[in-house]
Amino acid sequence: MYKFDVVVVGGGHAGVEAAYAVSRIGLSCALVTFSYKTIGQMSCNPAIGGLGKSHIVREIDAMGGLMPQATDMSGIQYRTLNTRKGDAVQALRVQCDRDLYKKAIQKILKKTNIQVFEEEVEDLIIKKDSVYGVITNKNTIKAKKTILTTGTFLNGKMYIGTKITLGGRVGDGSSIPLSDKLYGMKIPMGRLKTGTPARIRTSSINLKKLEEQPGERPTPWMSLYNRPKKHQKQLSCYVARTNQETHKIIKDNTHLSAMYSGNIIGIGPRYCPSIEDKVNRFKDKESHQIFIEPEGINKDLVYPNGISTSLPEETQLKFIQSIEGLERSVVEEFGYAVEYDFVDPRSLNKTLETKFLKNFYLAGQINGTTGYEEAAAQGLMAGINAARKLLKKTNIVLERSEAYIGVLIDDLTNHGITEPYRMFTSRAEHRLLLSQNNAEQRLLLKAYDIGLVGSKRKEDFLRKEKNYKEFIKKLKKIKITRFKDNNKNNIELQEKKTAFSLLSRTDVDKKSLFKTTKENKSLYHRATIESKYSGYIKKQLREVEKTKKQNKKKIPNNFEYSNIAGLSNEVKEKLNNNKPDTIGSASRMEGVTPAAVNLILIQIKKNELLKQNA
């Protein structure tokens, strides 16, 4: 028998982040996984970041997490997306070497006190309404807190055509005893589906027929602090396209797909559909893009992003070879669908501790999310809150106006899911405050107070912020009466303006306004963005403060929504079933409009007055 402060079940992106957080805070931690070799495995596409997701990774970075470090230790192509749009929605996407990423995670974990057990969890140790560890196929591991991060392995089944195999991914098993245990406890659960495309040998593809997509120059970094000395060798990605012949092959064989045969009951991700879904849902579209992404520097393998499928192997090969440039493709591993159990995330508190059992936390795809980044964020927060509760310290719940991680967890615990949840910038109503570039300003000092980052990083951050403030003072002292616009025309001003205030104008030629040096180039770039958005940000901050007080308004436990005239029966039913504890929680429920919130506030006030006059 073993004893730890915390035991984490699962060595995926949520599990390693949870264990690493517990370790940094200074507690003992066990990590239970099927195999040490697969810790940190990228089960799907070998990439980190992208739209809405890079914001999460930078927040993990500001809080000292693993994912951004491993990304820069394995990154083989960096590209900033949405460059034609505003800074708040721009996103860095990094193609990684699959093997190097996994090795990076394992290398970092080896330097910690985390003890890894290559075992399968078969049962939970439960006394009354609390969890005190796990029972594996080999040992009893007692712990004061337990974090479950099972990914797609909870009763996982893989489908290729009519062929069904037990497992969460190729080469790994399925966690069936633990799934049976959770179902036996009458926990609200369901089934979800995800999928992956075939892996193709690079040497069998005619890359000359495809559109090349080189990486960004100069090459940026994902982490703002923990970086290796230099980047890995940078590689290009390529773009291929399906055609009418491809579509015909898929349409003629759709009935053989596991998704269409009726074998799979789980709901798949709407924003990452299978190629069968694309062809059948968008019948008028002549072609679909396929991003040919290298799996690694010295690996003769690509990930064809965009043709996820569960069609039979012979059909997969046939439609792949109908694509220009892929006519002689050699498939190393065929695509498949994965169906797995998840727990309704509305059964969690915002700390990610379950409402049905104390000392028991869930993180990652078990909560209905999809994506490495969303999983890692949950693991980080579950690890933090499990450790803090053990140390009798206050919970850490990030606000929606504070971090995308806050948006993610708030959405899950309030709304639940109807499909696998993935992050988009559009989900954040305060996204002007939440750029991928200001994560440190938002979260680093909080991370230091929690014990996630050391004093050196804090001091380096404060020094950097001091330099920036001094640079802003310098810009505000520079008075200008004439400037050049974007067409190099001289523009006369009626009164003097500071260089900082002129940065907010879209017609100003920023390069001629202020001559930068190598040392202050990044400071000037940040000043340009902050000046441009300062008015909008001030407005959004006022809105945040205005709603913060209202959102904290408590709703009595016995509050009766059915008596409120003006609320639809559907909204009344949702509110009565979910029993939100605050106005903020109620306002974020699906279908609860601002008008409905006002009606609830009026009724609360009426009830309070009646009590006073009674």
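Residues numbered from 1 in each chain as written. Predicted model: local features only at pLDDT ≥ 70, side-chain atom pairs only at ≥ 80, totals over all residues. Heavy atoms only, no water.

J.: Hey, could you run me through the sheet that holds strand 12 (residues 189-196) in this one?
T.: The strands making up a sheet associate through hydrogen bonds between their backbones, and the pairing can be parallel or antiparallel. Read across the sheet, four strands follow the order 11-10-19-12 without closing on themselves; strand pairing throughout is antiparallel. Two strands bound the open sheet, and with one partner strand each, they are strand 11 (163-166) and strand 12. Taken over all neighbouring pairs, the strand axes of this sheet differ in orientation by 25° on average, direction set aside. Here strand 10 (residues 157-160) runs beside strand 19 (residues 336-343); their pairing, made up of three bridges, is antiparallel. Looking at the pairing, lysine 157 lines up with glutamate 339 of strand 19. Helix 5 (residues 176-184) rests against strand 11, strand 12 and strand 19 of the sheet, and its axis sits at about 145° to strand 12. (Pairing = 2+ DSSP bridges. Helix = DSSP H or I, 4+ residues; strand = E, 2+ residues; numbered from the N terminus. Axes fitted to C-alpha atoms, helices over the stretch in contact; angles between N-to-C directions. Contact = heavy atoms within 4.5 Å.)

J.: Help me understand the sheet that holds strand 5 (residues 91-96) in this model?
T.: Judged by pairing direction, the sheet is antiparallel, and its three strands sit side by side in the order 3-5-4 without closing on themselves. Both edges of this open sheet fall to strand 3 (47-49) and strand 4 (75-81), since each of them pairs with a single strand only. On average, each strand axis in the sheet is inclined to that of its neighbour by 20°, with strand direction left out of account.

J.: Looking at this structure, how should I read a positive patch on the surface?
T.: The grouping of Lys476, Lys538, Lys539 and Arg542 at the surface amounts to a positive patch. Element by element, the count of residues in the positive patch is highest for helix 16 (residues 521-551), at three residues. Along the chain, arginine 542 turns up in helix 16. (Patch = residues over 30% accessible without salt bridge, like charges linked within 9 Å, V, L, I, M, F, W, Y side chains within 5 Å. Areas by Shrake-Rupley, 256 points an atom, 1.4 Å probe, with all protein chains shown as cover. Salt bridge = Lys/Arg side-chain N within 4 Å of Asp/Glu carboxyl O. Lys, Arg positive; Asp, Glu negative; His and termini not counted. Charge placed at Lys NZ, Arg CZ, Asp CG, Glu CD.)

J.: Help me understand the environment of isoleucine 267, please; the structure alone is not making it clear to me.
T.: Note on placement: isoleucine 267 falls in the loop between helix 7 (258-261) and helix 8 (275-281). Note: C-alpha distance between isoleucine 267 and leucine 391 (124 residues apart in sequence) is 39 Å. In this view, isoleucine 267 contacts Arg191, Leu192, Lys193, Thr418, Glu419 and Pro420; residues no more than four positions away in its chain are not counted.

J.: How should I be thinking about the nonpolar core in this particular structure?
T.: Within soluble globular proteins, side chains that are nonpolar tend to cluster in buried spots. Ile48, Met63, Leu109, Met381, Ile384 and Ile405 are the most contacted members of the largest nonpolar core, which has 125 residues in total. Of all the elements, helix 10 (residues 372-390) adds the most residues to this core, at 11 residues. Residues in contact with isoleucine 48, not counting those within four places in the same chain, are Met42, Val57, Met67, Thr71, Leu92, Arg93, Val94, Cys96, Tyr101, Met222, Tyr372 and Glu373. (Core = buried A, V, L, I, M, F, W, Y, C linked by side-chain atoms within 4.5 Å. Buried < 20%, exposed > 50% of the residue type's maximum accessible area, 1.4 Å probe, protein only.)

J.: Could you clarify how one ought to interpret the pairing of strand 2 (residues 29-33) in this entry?
T.: When a strand is regular, its side chains alternate between the sheet's two faces. With five of five residues buried, strand 2 is to be regarded as a mostly interior element. Neither face of strand 2 is exposed, since Cys29, Leu31 and Thr33 on one face and Ala30 and Val32 on the opposite face are all buried. As judged from the four bridges shared by strand 1 (residues 2-9) and strand 2, these two strands associate in the parallel manner. Bridge pairing links valine 7 to alanine 30 in strand 2.

J.: Explain helix 9 (residues 313-320) here, please?
T.: Given 3.6 residues per helical turn, the α-helix brings residues three or four places apart onto the same face. For helix 9, the full list of buried residues reads Thr315, Gln316, Phe319 and Ile320. When helix 9 is viewed along its axis, its buried side chains cluster within an angular range of 130° and face the same direction. For helix 9, exposure combined with an orientation more than 90 degrees from the buried face picks out Glu314 and Lys318. Close packing links the buried residues of helix 9 with strand 10, strand 13 (199-200), helix 6 (244-253), helix 8 and strand 18 (331-333). (Arc of directions from axis to C-beta.)

J.: I keep staring at the packing of helix 6 against helix 9 and nothing clicks. Help me out?
T.: Pairs of packed helices are described in terms of their axes, by the angle between the two and the distance that separates them. Two elements in contact, helix 6 and helix 9, have axes separated by 8 Å at closest approach and are oriented at 160°. Classified by the angle between their axes, helix 6 and helix 9 sit roughly antiparallel to one another. Both helix 6 and helix 9 take part in a crossing whose hand is right-handed. Together, Thr246, Ile249, Ile250 and Asn253 of helix 6 and Thr315, Lys318 and Phe319 of helix 9 make up the contact between the two elements. (Parallel < 35°, antiparallel > 145°, perpendicular 65-115°, else oblique. Left-handed = near helix turned anticlockwise from the far one by under 90°.)

J.: Got a minute to help me understand the pattern of salt bridges in this structure?
T.: Close approach of charged atoms allows side chains with opposite charge to pair. On inspection of all chains with the given rule, the structure shows 37 salt bridges. Close ionic contact of lysine 456 with aspartate 460 constitutes a salt bridge, the shortest N to O distance being 3.0 Å. Separated by four residues within a single helix, lysine 456 and aspartate 460 lie in helix 13 (residues 455-477), roughly one turn from each other. Note on lysine 456: relative accessible area 55%, which makes it exposed. Taken together, the salt bridges that share partners define one network made up of Lys350, Arg400, Asp410, Asp411 and Glu429.

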